[in-house]
Amino acid sequence: TEHNNHKNNQLAAEWVEQFRPFAKEGQCASYIPVLAEKDSNQLAISIIGTNNDEMKAGETTELFTLQSVSKVVTFILACMERGLPYVLERVDVEPTGDTFNSIIRLESHQPGKPFNPMINAGAITVSSMLDGNSPQEKVSKILCFLEQMIGKKLKVNEEVYQSEWQTANRNRSLAYYLMDSGFLDCPVEEALEVYLKQCAIEVNVSDLAMIGLVIANDGYHPLTKTQLFPKQVAKLAKALMVTCGMYNASGKFAAFIGLPAKSGVSGAILAAVPSHAGLDSPFPAGCGIGIYGPAIDDIGNSVAGVNLLKHIATEWNMNIF
Ligand code: GLN
């Protein structure tokens, strides 16, 4: 009801102000030059339930880029386009404990095979296998897929894309190594173009929450009443989020928060709350959570965002375990 919505938004607003000060413990990502110019004090949240009931607070209209959150989306898309066996032959599903852009293990595993699709090496591999004759076509398909979940037109932020394209030395070296060991399905520069453009897709917190809602519902979109991707793929995506979604802080995140989630260096966090974990919350049938707080820690996770999410998950007993 109207009254409950109002009450929930008020509660969300209190929580945002309570956790906003944590932003001081982090910093905006600076290795992508335009991200460094973001207002590090911002914090926003949206939670959307299966009836389209939304609770939101903070800078909810602020646009930011998906960055690593896009890795979940392209992984799901690749599984649909190529089938699971094809994808799993080229990227494993084991956490690494290393940083998201680490190169060190590529030689130690089955040579060149990336450990999981949530680290850059795995995500670049996944992007290279997407269907399409050009990077542009592949990016259009990613946008279309996301638009089905979110219900509005999306676009790539060209400035962020250019900023990263010009400084992507680490990702270039990962991609060249992957190419050398036979794990890329298209030329290096094309795979990088797709990967960096998917990272630069622009959204707000409500958009992020919608993606989380569909993942929470095993690929079923409760508002358009359509199955957008297979349940089996959704389960795999959630397992990857739990084990690898928060980079090398995934273990602690699972231990102390206990939700499938994916973060990005823009300060984005997406979480998927399945129905059995939503029972004590205003979203008993499950929900998607989108958070934006651009000040990130050394690992790459939003500091205020993680603290806010932890509070909510504890308060409402959302731990899936
Ligand atoms: N585009 C970023 C990169 O490849 C995404 C990384 C991230 O969000 N962790 O470095």
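Residues numbered from 1 in each chain as written. Predicted model: local features only at pLDDT ≥ 70, side-chain atom pairs only at ≥ 80, totals over all residues.

As annotated in an unreviewed UniProt entry, the chain carries the name Glutaminase and is attributed to Lysinibacillus zambalensis. Per UniProt, the chain has the following entry under Sequence similarities (unreviewed entry): "Belongs to the glutaminase family." (UniProt positions renumbered as here; feature names shortened; annotations may be inferred.)

(A) Representation of the nonpolar core within the structure. Counting 110 residues, the largest nonpolar core has V273, L308 and L309 as the members making the most contacts within it. Per-element accounting of this core gives the leading share, nine residues, to helix α9 (residues 205-216). Contact partners of V273, with chain neighbours within four places excluded, come to A216, L259, G278, F283, G286, C287, I289 and M318. (Core = buried A, V, L, I, M, F, W, Y, C linked by C-beta atoms within 7 Å. Buried ≥ 20, exposed ≤ 12 C-beta atoms within 10 Å, placed from the backbone. Helix = DSSP H or I, 4+ residues; strand = E, 2+ residues; numbered from the N terminus. Contact = placed C-beta atoms within 7 Å.)

(B) Representation of α9 within the structure. Between the first and last C-alpha of α9 there are 16 Å, a value that for 12 residues agrees with the 16 Å anticipated at 1.5 Å per step. A large share of α9 lies buried, amounting to 12 of its 12 residues. V205, S206, D207, L208, A209, M210, I211, G212, L213, V214, I215 and A216 are the residues of α9 that are buried. Looking one or two residues beyond α9, the residue adopting positive phi is D218, at roughly 55°. (Expected span 1.5 Å × (residues − 1).)

(C) Structural detail: the site of the ligand. Taken together, the residues surrounding the ligand are Q67, S68, F100, N101, N120, E164, N171, C199, G264, V265 and G300. A class-by-class count of the residues in the shell around the ligand yields three nonpolar, seven polar and one charged. When we break the shell around the ligand down by domain, the ones giving at least three residues each are domain 1 (2-66 + 201-315) and domain 2 (70-199). (Near = placed C-beta within 6 Å. Nonpolar A, V, L, I, M, F, W, Y, C, P; charged D, E, K, R; others polar. Domains from an automatic or database assignment.)

(D) A look at the sheet that holds strand β8 (residues 268-273). Sheet architecture is open: five strands sit in the order β2-β1-β9-β8-β7, paired in antiparallel fashion. If you trace the sheet from one side to the other, it starts and ends with β2 (54-58) and β7 (261-263), each paired once. Averaged over all adjacent pairs, the angle separating strand axes in this sheet is 10°, with direction ignored. Pairing geometry for β7 and β8, over three bridges, is antiparallel. The partner of S263 across the bridge, within β8, is I269. Sitting on the sheet, helix α1 (residues 2-19) is in contact with β1 (44-49) and β2, with an inclination near 35° to β2. Against the sheet, α9 contacts β1, β2, β8 and β9 (287-292), and its axis sits at roughly 145° relative to β9. (Pairing = 2+ DSSP bridges. Axes fitted to C-alpha atoms, helices over the stretch in contact; angles between N-to-C directions.)

(E) Highlighting helix α7 (residues 169-180). Over its 12 residues, α7 runs 16 Å from end to end, which matches the ideal 16 Å to within 8%, given 1.5 Å per residue. Within α7, the full set of buried residues consists of N171, L174, A175, Y177 and L178. Buried residues along α7 cover an arc of 160° about the axis, so they all sit on one side. Downstream of α7 by one or two residues, G182 has phi in the positive range, about 85°. (Arc of directions from axis to C-beta.)

(F) View of the pairing of β1. Taken across its six residues, β1 has six buried, putting it largely inside the fold. Along β1, one buried face is formed by A44, S46 and I48 and the opposite face, lined by I45, I47 and G49, is buried too. Looking at chain direction, β1 and β2 are connected through five bridges and run antiparallel. Looking at β2, one finds that S46 is bridged to K56. From the end of β1 to the start of β2, which pair antiparallel, there are four residues, and N52 there has a positive phi angle of about 70°. Two strands pair when backbone bridges link them, and β1 and β9 are joined in this way by six bridges, in the antiparallel orientation.

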